[in-house]
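Residue-level structural notes
Each chain, written out:
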Amino acid sequence: MRSRQRMFAAVMRLLLKCLRLGRRRRFRLLRQVEQLWHYGHLCLRSLLYNSFTNGDVVLDSLFEPVYWLVDHVTRWFGVVFVALVIGLTSSIVAIVYICLLPLILQTYTPAWICWHLAYGHWNLIMIVFHYYMAITTSPGHPPQAKNDLTGVSICRKCIAPKPARTHHCSICNRCVLKMDHHCPWLNNCVGHYNHRYFFSFCFFMTMGCIYCSISGWDMFRDAYAAIERMKLLEKERLQVAANQTYYQTPPPTFTFRQRAFHKSVVYLWVLCSSVALALGALTLWHAALITRGETSIERHINRKERQRLQKKGKVSLAHGTGTGWGRARRDVPLPVLQVFRNPYSYGSWDNWKVFLGVDVPRHWLTRVLLPSPHLPHGTGLSWDLPPCVTEQRTPLLAI
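Residues numbered from 1 in each chain as written. Predicted model: local features only at pLDDT ≥ 70, side-chain atom pairs only at ≥ 80, totals over all residues. Heavy atoms only, no water.

Regarding the packing of helix H5 (residues 195-215) against helix H9 (residues 348-356)
Two measures define how a pair of helices packs: the angle their axes make with one another and the distance between the axes. Quick reminder of the rule: Lines fitted to C-alpha atoms define the axes, with helix axes restricted to the stretch in contact, and inter-axis angles between N-to-C directions lie between 0 and 180 degrees. The helix count covers DSSP runs of H or I at least four residues long, the strand count covers runs of E at least two residues long, and both are numbered beginning at the N terminus. Here is the rule for angles: anything less than 35 degrees is roughly parallel, anything more than 145 is roughly antiparallel, 65 through 115 is roughly perpendicular, and the remaining ranges are oblique. Any two residues having at least one pair of non-hydrogen atoms within 4.5 Å are treated as being in contact. Polar here means any residue other than Ala, Val, Leu, Ile, Met, Phe, Trp, Tyr, Cys and Pro, which are nonpolar, and Asp, Glu, Lys and Arg, which are charged; Gly is therefore polar.
Relative to each other, H5 and H9 sit at 105°, their axes nearing to 9 Å. Viewed along their axes, H5 and H9 adopt a mutual orientation that is roughly perpendicular. Where H5 abuts H9, its residues His-195, Arg-196 and Phe-199 lie against Trp-352, Phe-355 and Leu-356. Considering only residue class, the contact of H5 with H9 consists of four nonpolar, one polar and one charged.

A short note on the layout of surface pockets
Over the atoms, a rolled probe matching the size of one water molecule traces out where space is still vacant. The test is simple: A cavity, in this analysis, means grid points on a 1 Å lattice covering only the protein atoms where a 1.4 Å probe fits yet has no way out; a pocket is instead an open set bounded by protein on both sides within 12 Å along at least five of seven lines, and a residue lines either one if it has an atom within 4 Å of a point. Grid points are joined across faces, edges and corners, and a volume is the space filled by probe spheres set on the points.
Here the second largest pocket defines a volume of roughly 970 Å³. Lining the second largest pocket are 41 residues, and of these Thr-89, Ile-92, Ile-127, Met-205 and Cys-209 lie nearest its centre. In terms of residue count, the dominant contributor to the lining of the second largest pocket is helix H3 (residues 64-107) (11 residues). For the lining of the second largest pocket, a count of residues per class yields 32 nonpolar, nine polar and no charged.

A word on the nonpolar core
Test applied: Residues grouped as a nonpolar core are buried Ala, Val, Leu, Ile, Met, Phe, Trp, Tyr and Cys residues, joined through side-chain atoms within 4.5 Å. Note on exposure labels: buried denotes an accessible area under 20% of the residue type's maximum, exposed denotes more than 50%, and partly exposed covers the range between, all computed with a 1.4 Å probe on protein chains only.
With 39 residues, the main nonpolar core has Tyr-131, Leu-186, Phe-198, Phe-201, Met-205, Leu-268 and Cys-272 as its most contacted residues. Contributing elements (two or more residues each) for this core: H3, helix H4 (110-136), H5, helix H6 (217-242) and helix H7 (256-292). Broken down by element, the residue count for this core peaks at nine residues, all from H5. When residues no more than four places from it in sequence are discounted, the contact partners of Leu-268 are Ile-92, Ile-95, Val-96, Leu-100 and Cys-212. Counting eight residues, the second-largest nonpolar core is a separate cluster that includes Ile-290, Phe-355, Leu-356 and Val-358.

Details of unusual backbone geometry
The backbone of Asn-173 sits at a positive phi, close to 60°, despite the residue not being glycine. Note that Asn-173 resides in the loop between strand E3 (167-169) and strand E4 (174-176). Overall, Asn-173 belongs to the exposed group, its relative accessible area being 53%.

Here's the deal with a nonpolar patch on the surface
The criterion, for reference: Nonpolar side chains (Val, Leu, Ile, Met, Phe, Trp, Tyr) within 5 Å and like charges within 9 Å form the patches, drawn only from residues with over 30% relative accessible area and no salt bridge. All accessible-area figures derive from a Shrake-Rupley calculation using a 1.4 Å probe, and residue coverage is judged against the displayed protein chains alone. Each reported salt bridge corresponds to a side-chain nitrogen of Lys or Arg within 4 Å of a carboxyl oxygen of Asp or Glu.
A cluster of nonpolar residues, Trp-68, Leu-69, Val-73, Trp-76, Phe-77 and Val-80, forms a patch on the protein surface that exposes about 680 Å² of accessible area. Here Phe-77 is to be found in helix H3. Residue class for Phe-77 comes out partly exposed when judged on its relative accessible area of 41%.

With respect to the pattern of salt bridges
Opposite charge on two side chains permits them to pair, given that their charged atoms come into close proximity. Summed over the entire model, instances satisfying the criterion amount to six salt bridges. Among the salt bridges present, the one from Arg-165 reaches Glu-298, with a minimum N-O distance of 2.6 Å. Placement of the pair is Arg-165 in the loop between strand E2 (161-162) and E3 and Glu-298 in helix H8 (residues 296-311), with a sequence separation of 133 residues. For the pair Arg-165 and Glu-298, a shared accessibility class is recorded, and that class is buried. The closest approach of N and O atoms between Arg-292 and Glu-294, which form a salt bridge, is 3.2 Å.

What to know about the UniProt feature "transmembrane region" (unreviewed entry) in the protein
Definition in use: UniProt positions are given in the numbering used here, feature names are shortened, and annotations may be inferred rather than shown by experiment.
Summarizing the sequence annotation, UniProt attributes the feature "transmembrane region" (unreviewed entry) to residues 76-100, 112-133, 197-220 and 266-288 in the numbering used throughout. When the span residues 112-133 is considered, its composition is 100% helix and 0% strand, and the gap between its end C-alpha atoms is 31 Å. Note that residues 197-220 is 96% helix and 0% strand, and that its end C-alpha atoms are spaced 32 Å apart.

Here's the deal with H5
For the record, the criterion: In a helix, the anticipated span is given by 1.5 Å times the number of residues less one.
Between its terminal C-alpha atoms H5 stretches 30 Å, which fits the 30 Å expected from 21 residues at 1.5 Å a residue. Burial analysis of H5 places 16 of its 21 residues in the buried class, the great majority of the element.

Side note on the packing of aromatic side chains
As a reminder, the rule being used: For this analysis, a ring pair means two rings from Phe, Tyr or Trp (six-membered ring only for Trp) whose centres lie within 6.5 Å, classed as stacked if their planes differ by under 30 degrees, edge-to-face if by over 60, and tilted for the remaining angles. Lysine and arginine charges are scored as sitting over a ring when NZ or CZ, respectively, is within 6 Å of the ring centre and within 35 degrees of the ring normal.
With the rule as written, the count across this model stands at 17 aromatic pairs. Among the aromatic residues, those joined into a ring-pair cluster are Trp-115, Tyr-119, Trp-122, Phe-203, Phe-204 and Tyr-211. For the cation-ring pair, Arg-165 lies above Tyr-344, with the distance from its terminal atom to the ring centre recorded as 4.4 Å. Seen from the ring of Trp-383, Arg-165 lies directly overhead, with NZ or CZ sitting 4.7 Å from the centre.

And the structure:
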């Protein structure tokens with residue numbers, strides 16, 4: 001009996017030792033896995049660490065395949081986009097001349113007829129002129145030879161001199177003076193020599209679409225109601241044709257000319273309204289950039305530089321001009337913070353005068369309200385004070 005008890009106790013002690021040993025091994029294995037995980041995570045962070053990496057860099061890296069696709073597709077589809085612009089604009093002009101102009105001449109008063117003829121043809125001439133000049137005018141390219149200009153860097157892709165405000169276009173594969181962007185609807189870059197043509201085309205095209213949308217609103221409502229009546233009569237005609245007897249006649253239908261007229265009016269109003277909204281937003285965006293004396297690329301660069309200087313505490317959060325003293329208490333003045341300014345901005349009004357090439361008051365008529373092929377100020381290689389600027393503002397901090 002005692003021998004059995006001793007044997008049972010020995011077996012139980014051995015079983016407990018095995019359980020303790022298994023538990024220790026399990027904890028030891030978990031600790032090793034945890035250590036390996038932390039070690040691998042540290043190695044990965046050490047390999048990918050970069051002090052300049054932030055959310056924007058990661059987002060740009062993720063969109064790099066999209067950028068590559070856009071660069072290569074836009075180069076080949078530029079001609080298609082230009083043909084699309086010409087085709088859609090020509091269709092609207094044809095509808096106005098064939099469908100709307102005879103109706104205007106029959107129903108409107110002589111004063112309104114003169115207004116529509118004068119404004120419509122003036123707007124059309126401005127659209128055609130500025131679009132033609134925008135697609136045929138070279139935006140300007142820096143010379144490949146060395147020059148004596150100050151502040152000239154070297155383009156990493158062209159391996160050529162790169163003046164201030166010049167950027168490399170990956171679609172054209174060339175550096176462009178004062179580059180704003182590459183426009184597929186022009187099949188051309190928007191730069192120093194054709195930036196005014198591009199903006200004027202957007203502005204006058206928007207004004208023309210708004211003019212057509214407002215003028216054709218009543219016609220659009222009547223045409224839409226007529227199309228709905230067409231659909232209803234077509235249903236009734238099919239029902240009558242299915243149950244037709246010798247004593248029944250089908251209801252009258254619209255002629256082909258009436259159908260084409262109503263559908264053309266609806267097409268004109270929908271297309272002009274859509275273009276007015278989309279192109280109007282783009283025009284307002286570029287107008288804001290011109291007011292600040294920036295291009296689309298420079299706005300991105302200036303915003304990055306402003307954020308970098310704000311993190312270092314060198315500039316204030318304000319975007320205006322001037323400096324000031326901030327006070328935490330009445331007797332403890334805070335350090336003066338400079339305001340970030342664009343070095344190529346001369347003030348809102350002067351920025352527009354420089355952009356449009358207005359030197360004297362009569363240029364508002366001859367160069368803005370009438371087609372004018374005048375060149376912009378400067379050569380795009382250096383940025384001296386234009387003659388139309390009355391007073392130059394020295395930038396406090398600039399890129």
